Amino acid sequence: MGDAQMEEGDNPREIEVSPAFIAVHPAQRSVAVAVGSDLRVYDLTGDCPVSLVDDSAKPFHSDSIRAIRYGASGKLLVSAGDDKLVKIWSTDSWLCIGSVCCEKRVSSVAVSNDGLFVCFADKFGVVWVVSSKENVENQALPDKKAAPILAHYCSIITSLEFSPDGRFIVSADRDYKIRVTVVPKNPLDGAHEIQTFCLGHSEYVSCLDFIHSPDYPHGLLVSGSGDSTVRLWDVTSGSLLDTCEIGAKAELSVTDGLEEEPCHAITDLCTCSNGTSIALAVQSLKGIMLLNCNPSAKTLSIAKVVLIEGETLIPTSLGTSLSEGLLWMVTGISKLQGFNHSSLARVRAVSLPEDNGQDAEPVLLRDDEIPGGQKLLERLQGSVSIGNDVFLAAAEALKTAMRSLLIKKQYSAEKREFRKRTRNDRKLKN
Amino acid sequence: MIEKETTSTFNKSTGLPRKRFYRARAHSNPLSDSHFPVPLSPSQFDYSLHYPQLFPASSDDDNPKRIQFADIGCGFGGLLVALSTLFPDKLMIGMEIRDKVTEYVKERISALRTTNPSQYQNISVVRTNSMKYIPNYFEKGQLMKMFFLFPDPHFKEKNHRRRVISPHLLDEYAYTLAVGGIIYTITDVEELGEWMKGCLENHPMFEALTEEELENDPVVKLLTSATEEGQKVARNGGQTFQAIYRRIAPSL
Ligand SMILES: C[S@@+](CC[C@H](N)C(=O)[O-])C[C@H]1O[C@@H](n2cnc3c(N)ncnc32)[C@H](O)[C@@H]1O
């Protein structure tokens, strides 16, 4: 039964809740939040909520958005998800300038550094590329066709990332694998040359990002995983440079101690503009953890934990801009059962110290200190104040969803036999 | 290793395990999740377990030798057995997804090692899904030969992505093979033969061997004769279709 379901891409209902995502314009001109099928953008330059315009054949998203992403130049915003649509938005006109229909649900997206291509991965492990032509002046383009460029055999791809020099595209999956592929001259012809695999995680890999360092033009890759480690990699050779176990530190910070088996799976990470800090969202942590990367020694270490007092905020997604020292976070979930307000989200921001001076402390901004203030929160959250119980329920639902989506099921011998006997493809023969 | 087995599963005259005790379902679904251990990376593959005589667990001097031939979907292991004595100084592994079939090959090798001391030390088998885990077993450019003999055809269009030769999987095989390494494919299903040839022909990192090279390669003759499936096809007078390609450097 399981196999057949994998085949059709029909997953049990319980895993269909989707976390909220946040993305920050590289120059912090706008901030986008996706929760459920809702894409919300706040324009920080104009200090006003953005109304998106979508004249494509299938306007707006009709199911949970699973990934949002700005291009490096900030001219594009891409959104994609369970409705098998990838939408490319111009950040000038906020018009949908491209809408791509996919065969399968989309699990992650990336924009090439030159902004010419959008890559996205589907839930069967295939990575597709489509030209984004951001130089075409704000015209609504006809439906685009994407070409497959590479594949992880039947695995969910959790993260896609271009290296800072644009030479490699890196893809991570739930089979503990990170693949580094050479970006070919014409990506539409496929990316056949695998540079290396980064192997060492012992659970699904959930997130990737690059440390930008002048000494490493290819960049140093950081990955976070369900195995509660963050790892540092050389993407040219695939060698593991350092492993940072965060479990013990997270344990100390889990204050309520109610959980029987706290799970310190890493849900998201993002490298910060100072070039050496890495912010983590951890499934058990009401706040964020900050790591330090020393690019010359090629080491990772835990710097500090920033707890969010007074509310249950376990971030589901993190974002920073390249220019400002501000780390944005969101927590939220789509289709939360038992609550009438279904697509709520909570947004907070932490201001990070410029350099990594030991005495400089990260500061959690109050709601009235956040750029855009109440107006921004109203737009991105869907409401200004949200009860704590909503987030407690959301945190639980999300944990379950992540588990059933990404963690491999271990069946007992009898259960396995039963599953084999009841497989759809076998039934046909009997 | 075999002493503890009851003699009944072994053929008394040949000392080899009897196949009928190791029959299994004809086809496996390569998409189903794994229930077997997989090394986290090639450096964690335990050579001393697979080639104990060549890699004594206690010895200090690390044998730098690595596996160079891989038989993917090796079935009952006939090819490994034939190659073992033809290339005694190469390490080879069979990869097979069916549990019982893998057990059979293990017993077969272990019996051969017992009856022919100092021979068959260079072959072994692992139970794994080759479509998912090849990078966990081999480093970049480690292999010199990869074999895909009589793979499951998966006729239906919808199941083509289950085929072991596909455009995307060839990227992984190209990664695993050294430049100059050779991929051997053969089938008795014409449509699959054309498919495999087409995939290889269109891939920028493979080129076909010439007629002359095929003539001179002693391995080519084994493709039709060495494996159980090959022998069955030959017995029934079936036609075979082969595609044999060399890994080349991609042009820039
Ligand atoms: C038709 S048999 C051929 C066996 C052998 N090569 C021969 O010529 O006799 C194909 C074999 O491939 C195995 N196989 C299929 N998919 C596989 C996978 N993903 N990984 C490893 N083995 C696989 C099957 O279990 C089966 O034993």
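Note that the structure is predicted; figures quoted are calculated from it, not measured.

A few words on the overall build of chain B. Helix and strand content of chain B: nine helices and seven strands. Burial statistics for chain B: of 252 residues in total, 52% are counted as buried. Restricting to contacts in chain B with at least 6 residues of sequence separation, those with at least 24 account for 78%. Split by element, the accessible area of chain B, about 11,900 Å² in all, is 52% carbon and sulfur.

This paragraph deals with the sheet that holds strand 12 (residues 147–151) of chain A. All names here are of chain A. The four strands are arranged 9-10-11-12 in an open sheet whose pairing can be described as antiparallel. Every other strand in the sheet has two partners, leaving strand 9 (106–111) and strand 12 as the edge strands with one partner each. For this sheet, the mean inter-axis angle between neighbouring strands, taken without regard to orientation, is 25°. By the bridge criterion, five bridges tie strand 10 (residues 117–122) to strand 11 (residues 126–131) in an arrangement that is antiparallel. For C119, the partnering residue across the bridge sits in strand 11 and is V129.

The next thing to look at is the packing of helix 4 (residues 130–137) of chain B against helix 5 (residues 167–176) of chain B. Residues and elements named next belong to chain B. It is the contact of helix 4 with helix 5, at a shortest axis distance of 10 Å, that shows an interaxial angle of 20°. Relative to helix 5, the element helix 4 lies roughly parallel. For helix 4 against helix 5, the interelement crossing comes out left-handed. The segment helix 4 lies against helix 5, with M131, I134 and P135 engaging L169, E172, Y173 and T176.

Further remarks concern unusual backbone geometry. Most peptide bonds adopt trans geometry, and most residues besides glycine take a negative phi value. Residue and element names in this part refer to chain A. A positive phi angle, near 55°, is found at F60, a position not held by glycine. Relative to the helices and strands, F60 resides in the loop between strand 4 (48–49) and strand 5 (65–70). Accessibility expressed as a relative area gives 38% for F60, which makes it partly exposed.

As a further point, take the side chain of S108 of chain A. Residues and elements named next belong to chain A. By the element assignment, S108 lies in strand 9. Since its relative accessible area comes to 5%, S108 is described here as buried. Those residues in contact with S108 that lie beyond four places of it in its chain are A67, C119, F120, A121, I157, T158, S159 and L160.

To continue, consider helix 4 (residues 388–406) of chain A. Residues that lie three or four places apart on an α-helix share one face, since the helix turns once every 3.6 residues. Residues and elements named next belong to chain A. Taking 1.5 Å per residue, 19 residues should reach 27 Å; helix 4 reaches 27 Å between its end C-alpha atoms and fits that length. Within helix 4, burial applies to V390, F391, A394, A395, L398, K399, A401, M402, S404, L405 and L406. Of the surrounding secondary structure, the elements contacted by the buried residues of helix 4 are strand 13 (157–162), strand 21 (266–271), strand 26 (326–332) and strand 27 (345–351).

All names here are of chain B. As a structural note, the neighbourhood of the ligand is formed by 18 residues, with G73, E96, R98, N129 and T227 the closest of them. In the model, an oxygen atom of the ligand is placed 2.8 Å from a nitrogen or oxygen of the R98 side chain. Within the side chain of N129, an N or O atom sits 2.8 Å from a nitrogen atom of the ligand. When the ligand sits alone it has 600 Å² of accessible area, and the protein chains cover 93% of it.

Moving on, we get to the nonpolar core. Residues and elements named next belong to chain B. Ranked by internal contacts, the top residues of the largest apolar core, which has 39 residues, are I67, I93, F138, M146, I165, Y173 and I183. The set of elements that each furnish at least two residues to this core consists of strand 1 (67–72), strand 2 (91–96), helix 4, strand 4 (143–149), helix 5, strand 5 (177–187), helix 6 (190–202) and strand 7 (241–247). Discounting chain neighbours no more than four positions away, the residues touching I93 are F45, H50, Y51, I67, F69, A70, D71, L80, S124, V125, V126 and F138. With 32 residues, the next largest nonpolar core counts L80, I109, L209 and I244 among its residues.

A few words on the pattern of salt bridges. Oppositely charged side chains may form a pair once their charged atoms are brought near each other. Residues and elements named next belong to chain A. Within the structure shown, the criterion is met by 19 salt bridges over all chains. With its nearest N and O atoms 3.1 Å apart, the salt bridge here joins D82 to R66. Of this pair, D82 sits in the loop between strand 6 (76–81) and strand 7 (85–90) while R66 sits in strand 5, and the two are 16 residues apart along the sequence. Judged by its relative accessible area of 16%, R66 is buried. Of the charged contacts in the structure, one is a salt bridge between R231 and D227, with a shortest N-O distance of 3.4 Å. Taken individually, R231 and D227 each receive the classification buried, so the pair is uniform in this respect. Each of E311, R346, R348 and D367 takes part in one network of salt bridges that share partners.

Here we come to the UniProt feature "repeat: WD" (unreviewed entry) in chain A. All names here are of chain A. Under the local residue numbering, the UniProt record ascribes the feature "repeat: WD" (unreviewed entry) to residues 61–93 and 198–243. The distance separating the terminal C-alpha atoms of residues 61–93 is 18 Å; by composition the span is 0% helix and 55% strand. The straight-line gap between the two end C-alpha atoms of residues 198–243 is 12 Å; of that span, 0% is helix and 67% is strand.

Another aspect to go through is the packing of aromatic side chains. All names here are of chain B. Tallied over the entire structure, the rule returns 14 aromatic pairs over all chains. On the basis of an interplanar angle of 90° and a centroid distance of 6.3 Å, the ring pair of F36 and Y133 is categorised as edge-to-face. Here Y133 lies in helix 4 and F36 lies in the segment before helix 1 (47–50), a separation of 97 residues in the sequence. The exposure class of Y133 is buried, given its relative accessible area of 5%. On the numbers, 6.3 Å between centres and 50° between planes, the contact of Y137 with F138 is tilted. When its relative accessible area of 5% is taken as the criterion, Y137 is described as buried.

The rules behind the values
Residues numbered from 1 in each chain as written. Chains lettered and ligands numbered in written order. Predicted model: local features only at pLDDT ≥ 70, side-chain atom pairs only at ≥ 80, totals over all residues. Heavy atoms only, no water. Helix = DSSP H or I, 4+ residues; strand = E, 2+ residues; numbered from the N terminus. Buried < 20%, exposed > 50% of the residue type's maximum accessible area, 1.4 Å probe, protein only. Contact = heavy atoms within 4.5 Å. Areas by Shrake-Rupley, 256 points an atom, 1.4 Å probe, with all protein chains shown as cover. Pairing = 2+ DSSP bridges. Axes fitted to C-alpha atoms, helices over the stretch in contact; angles between N-to-C directions. Parallel < 35°, antiparallel > 145°, perpendicular 65-115°, else oblique. Left-handed = near helix turned anticlockwise from the far one by under 90°. Expected span 1.5 Å × (residues − 1). Near = heavy atom within 4 Å. Polar contact = N/O pair within 3.5 Å; in protein donor to acceptor, adjacent residues only side chain to side chain. Core = buried A, V, L, I, M, F, W, Y, C linked by side-chain atoms within 4.5 Å. Salt bridge = Lys/Arg side-chain N within 4 Å of Asp/Glu carboxyl O. UniProt positions renumbered as here; feature names shortened; annotations may be inferred. Phe/Tyr/Trp six-rings, centres within 6.5 Å; stacked < 30°, edge-to-face > 60°.

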